[in-house]
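Report on the structure
Below, each chain spelled out in residue letters.
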Amino acid sequence: MMIKNVPLLLFLLLASAVSAQPVMDLQECLRIGLENNYDLRIVRNEELISDNNVTLGNAGFLPEVSLNSGYNLRNSNSDQYPAEGGEAIETRNSNTQTLDAGLNLNWTLFEGFRVQTNYQRLKELQTVGELNTRLVVEEFIANLTAEYYNYVQQQIRLGNLQYAVSLSKERLRIVEARYQVGSLSQLDLQQAKVDFNADSSLLIQQYEILNSSRIRLNEMMGGDVEQHFLAKDTTILFDASLSKEELFNQAMQHNTVLLLTGKNKTLSELDLRSLRSRNYPYLRLNTAYGFTHYNYNTGTFDRQRTWGPNVGLTLGYTIFDGFNRRREQKNAEITVQNRELQVERNKLALESDFANMWMAYQNNIELTNLELESLGNAELNYEIAMERYKIGDLSGLELREAQNSLLEAEQRLLTAQYNTKLYEISLLQISGKVGEYLE
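Treat the numbers as computed from the prediction; the structure is a model and nothing was measured.

Definitions and limits used
Residues numbered from 1 in each chain as written. Predicted model: local features only at pLDDT ≥ 70, side-chain atom pairs only at ≥ 80, totals over all residues. Heavy atoms only, no water. 1 Å grid on protein atoms, 1.4 Å probe; cavity = no way out; pocket = protein on both sides within 12 Å on 5 of 7 lines; lining within 4 Å. Points joined across faces, edges and corners; volume = space filled by probe spheres on them. Nonpolar A, V, L, I, M, F, W, Y, C, P; charged D, E, K, R; others polar. Core = buried A, V, L, I, M, F, W, Y, C linked by side-chain atoms within 4.5 Å. Buried < 20%, exposed > 50% of the residue type's maximum accessible area, 1.4 Å probe, protein only. Helix = DSSP H or I, 4+ residues; strand = E, 2+ residues; numbered from the N terminus. Contact = heavy atoms within 4.5 Å. Axes fitted to C-alpha atoms, helices over the stretch in contact; angles between N-to-C directions. Parallel < 35°, antiparallel > 145°, perpendicular 65-115°, else oblique. Salt bridge = Lys/Arg side-chain N within 4 Å of Asp/Glu carboxyl O.

On to empty space enclosed by the protein, then. The full count for this structure, using the stated rule, is one cavity of 30 Å³ or more. For the largest cavity, the calculated volume is near 30 Å³. Along the walls of the largest cavity sit Asn160, Tyr163, Ala164, Leu167, Gln403, Leu406, Leu407 and Glu410, which together make up its complete lining. For the lining of the largest cavity, the per-class residue count stands at five nonpolar, two polar and one charged.

Quick look at the structure:
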């Protein structure tokens, strides 16, 4: 009797815990995760850095203005000897105090379009930051959606195992009753107990698997990992009407990884343009306004002041630098070619991934339909087996086989549904449409 009471107590505790847990759907989990997930918060801050860098000053359009001032005290001794002879003129402890201040402006007026290229590069880096954020968000939505449906899967499996335990419990009840009247042997009773305990053991293990999935979901949502909740979905539904042509076109136009590869090519082209700016002369403007005040304790003047502006232009050109300029530009041209090859390589890889995912998606839809039919047959087979068992026309081992077939059919169907959902998620992710799960 102890064997029967332990699972019964476990069911009562589970029912009490489940009734007190809140229910969350996928959209709520995604909303919480998008707000609190630490990886997303980090990548958004990095995007802000890229946004802050897009300024005219960072590109080099604006001049540099500086203000400086200084004070200097000079104490000196000197002996002056006339050329025609005579007595030397001695000067001791001669103090000269100098106070100066200046405002300086330096501005590169032309440097072979390097400044314009720098500004365009900063804007491209800003776009790269946005794409990196988008990539992380898409990966997060896909991963959390997959884990959410894994949680749904584990909840359904828990229900299936609970049902299996209830079937084993009913069989054990029948065997005990027959054993009491002497129509079944102790071997039949022991086998029924063994099967009941085996199903109860699988159920207890399933609690742990379900709890692990819940903890992973809480971690992804950036909240309390001990928070208890139930998934709102009670089955795994997938969209069997996805359009292959539409998804493929979307993938080739909006896939984030492919867009990032294209931006890397653009950045390499801008790097080459920046290097080519060294083929031009440069023109720089230098202006300043200065003020200097001198104090003397010897000599003809007691003090002296000078002030006024000065303006200068510098025109220069590097005639020879050891062929480094030519070498760097050729290397940059090779880098651009490599970026073009990477774009084509990623396009081909995307086509290959899409073809594999689509085939697996279609196969799993067919497999799901097949397993639905198999489950119906397994349920009917078990009902017939139980009726025969109740009237003594079927052995316990044959009933157990029918029960196992039913549980296996339930598990195969659940696995097929979950795998189909995973391929749906992957197809939407590579086509840039995974955000539809937020709707």
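Moving on: the nonpolar core. Counting residues in hydrophobic clusters, the biggest one holds 69 residues, and the most contacted among them are Ile141, Leu144, Tyr148, Leu427 and Tyr437. At 19 residues, the largest contribution of residues to this core is made by helix α5 (residues 114–181). Not counting the four nearest positions on each side in its chain, leucine 427 is found in contact with Leu242, Leu247, Phe354, Met357, Trp358 and Tyr361. Residues Leu131, Leu135, Leu260 and Leu267 belong to the second largest nonpolar core, which totals five residues.

We now examine the packing of α5 against helix α10 (residues 396–430). In the contact formed by α5 and α10, the axes pass within 10 Å of each other and the chain directions differ by 170 degrees. Considering the angle they form, α5 stands roughly antiparallel to α10. Looking at the contact of α5 with α10 residue by residue, the classes come out as 15 nonpolar, 10 polar and seven charged.

As a further point, take the pattern of salt bridges. Counting across every chain of the model gives 20 salt bridges. Between arginine 171 and aspartate 195 there is a salt bridge; the shortest N-O distance is 2.5 Å. Linking arginine 171 in helix α5 with aspartate 195 in helix α6 (residues 186–220), this pair joins segments that are 24 residues apart in sequence. The burial state of arginine 171 is the same as that of aspartate 195; both residues are buried.

Attention now moves to the environment of isoleucine 156. Mapped onto the elements, isoleucine 156 comes out in helix α5. Classification of isoleucine 156 by relative accessible area gives buried; the value is 18%. Taking the C-alpha atoms as reference, isoleucine 156 lies 40 Å from glutamate 47; in sequence the two are 109 residues apart. Ignoring anything within four residues of it in the chain, the contact list for isoleucine 156 reads Thr234, Thr235, Ile236 and Leu414.

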